[in-house]
Amino acid sequence: FLMMIMIINVVIGVLGGINQTSLRKLMAFSSINNLGWMLTTLLISENLWMFYLIMYSFLISILCFLFYMLNAYFINQLFFINMNSIMKISLMINFLSLGGLPPFLGFFPKWITINFLIMNNFLLISFIFIMMSLIMLFFYIRVIYSCIMFNYLKLKWFKFYLNNNSMSFINFFSMISLLGMIISTFFFM
């Protein structure tokens, strides 16, 4: 029964986020997707569940803080915001880490979960989880693409000013997210 709930969470999180233009709804469906992963880690051990919860809360709070500072609620608002390249790279790092791309910190708990599923012969469930994570990465790359590639120079009327403390705060946590896989390898030493 719990396996069915996990698969339903992962699939609903992906199907709900397919045509979303609202960043809040996209983050909500991402949370539903990651809830399936968290239920899987709960089957493994409570420590791994707590680790996954802390990592996911860390990554989603960085993105929510970034959207709050940018005052962005929809994907098309990212076309018009005049962001510097450091802010764009920070947004890209945090989205790819949230999606669980391998060099980033968000991949580490998913990697442990996939290893457990494969070692216990849950091959179909691990295949479904991996495929749904790839579709979630597609959503995140769509947001990153709209932020980085589209450049409406005539429509860049919206200027925002970030103070130095909030920018250094985001850059520091983005660096932790970027170097997280290197840091996490020390767990196995």
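Residues numbered from 1 in each chain as written. Predicted model: local features only at pLDDT ≥ 70, side-chain atom pairs only at ≥ 80, totals over all residues. Heavy atoms only, no water.

Trainee: Which residues make up the overall build of the protein chain, and what values go with them?
Mentor: Each helix and strand in the protein chain was counted, giving nine helices and zero strands. Starting at the N terminus and ending at the C terminus, the protein chain contains elements arranged as α-α-α-α-α-α-α-α-α. Classification of the 189 residues of the protein chain by burial places 47% in the buried group. Contacts spanning at least 24 positions in sequence make up 79% of the contacts within the protein chain whose residues lie at least 6 apart. Element-wise, carbon and sulfur atoms account for 74% of the exposed surface of the protein chain, whose accessible area totals about 10,300 Å². (Helix = DSSP H or I, 4+ residues; strand = E, 2+ residues; numbered from the N terminus. Buried < 20%, exposed > 50% of the residue type's maximum accessible area, 1.4 Å probe, protein only. Contact = heavy atoms within 4.5 Å. Areas by Shrake-Rupley, 256 points an atom, 1.4 Å probe, with all protein chains shown as cover.)

Trainee: Explain the packing of helix α3 (residues 46-70) against helix α5 (residues 85-99) to me, using residue names and the numbers behind them.
Mentor: Direction vectors running N to C along α3 and α5 enclose 145°, while the axes themselves pass 10 Å from each other. Pair α3 / α5 crosses with left-handed handedness. Residues Tyr56, Leu59, Ile60, Ile62, Leu63, Leu66, Phe67 and Met69 of α3 touch α5, and the partners they reach there are Met87, Leu91, Asn94, Phe95, Ser97 and Leu98. Considered class by class, the residues forming the contact of α3 with α5 number twelve nonpolar, two polar and no charged. (Axes fitted to C-alpha atoms, helices over the stretch in contact; angles between N-to-C directions. Left-handed = near helix turned anticlockwise from the far one by under 90°. Nonpolar A, V, L, I, M, F, W, Y, C, P; charged D, E, K, R; others polar.)

Trainee: Can you lay out helix α2 (residues 23-44) for me, pointing to particular residues and giving the numbers?
Mentor: With 22 residues, α2 ought to run about 32 Å at 1.5 Å a step, and its terminal C-alpha atoms sit 31 Å apart, in line with that. Along α2, the residues classified as buried are Leu23, Leu26, Met27, Ser30, Asn33, Asn34, Gly36, Trp37, Met38, Leu39, Thr40 and Thr41. (Expected span 1.5 Å × (residues − 1).)

Trainee: Summarise the UniProt feature "transmembrane region" (unreviewed entry) in the protein chain; cite the residues concerned and give the values.
Mentor: With numbering aligned to this structure, UniProt lists the feature "transmembrane region" (unreviewed entry) at residues 48-70, 91-112, 124-148 and 169-188. Note that residues 48-70 is 100% helix and 0% strand, and that its end C-alpha atoms are spaced 33 Å apart. Helix makes up 100% of residues 124-148 and strand 0%, and the two end C-alpha atoms of the span are 36 Å apart. (UniProt positions renumbered as here; feature names shortened; annotations may be inferred.)

Trainee: I'd like to hear about the packing of aromatic side chains, residue by residue, with values.
Mentor: Inspection of every chain in the model, using the stated rule, returns nine aromatic pairs. Pairing Phe58 with Phe173 gives two aromatic rings, centres 5.3 Å apart and planes at 75°, and the pair type is edge-to-face. With Phe58 in helix α3 and Phe173 in helix α8 (residues 164-178), this pair connects stretches of sequence that are 115 residues apart. Grouping aromatic residues by their ring pairs yields a cluster made of Phe51, Phe107, Phe108 and Trp111. Across the ring face of Trp37, the terminal group of Lys110 is positioned such that the distance to the ring centre comes to 5.1 Å. (Phe/Tyr/Trp six-rings, centres within 6.5 Å; stacked < 30°, edge-to-face > 60°. Lys NZ or Arg CZ within 6 Å of the ring centre and 35° of its normal.)

Trainee: I'd love a proper account of unusual backbone geometry, names of residues and values included.
Mentor: Here the phi dihedral of Asn71 falls at roughly 55°; this positive angle occurs in a residue that is not glycine. With respect to the helices and strands, the residue Asn71 is situated in the loop between α3 and α4 (77-80). Residue classification places Asn71 among the partly exposed residues on the basis of a relative accessible area of 41%.

Trainee: Kindly report on α3, identifying the contributing residues and their values.
Mentor: Side chains that are three or four residues apart share a direction in an α-helix, a result of its 3.6 residues per turn. For α3, with 25 residues, the first-to-last C-alpha span of 36 Å sits near the 36 Å given by 1.5 Å per residue. Immediately downstream of α3, the backbone of Asn71 shows phi near 55°, a positive value.

Trainee: How would you sum up a nonpolar patch on the surface? Please name residues and give values.
Mentor: Residues Met175, Leu178, Leu179, Ile182, Ile183 and Phe186 make up a contiguous nonpolar surface patch of about 550 Å² in total accessible area. If you list the elements that add at least two residues to the nonpolar patch, you get α8 and α9 (180-184). Among the secondary structure elements, Phe186 is positioned in the segment after α9. On the basis of relative accessibility, which here comes to 54%, the residue Phe186 falls in the exposed class. (Patch = residues over 30% accessible without salt bridge, like charges linked within 9 Å, V, L, I, M, F, W, Y side chains within 5 Å. Salt bridge = Lys/Arg side-chain N within 4 Å of Asp/Glu carboxyl O.)

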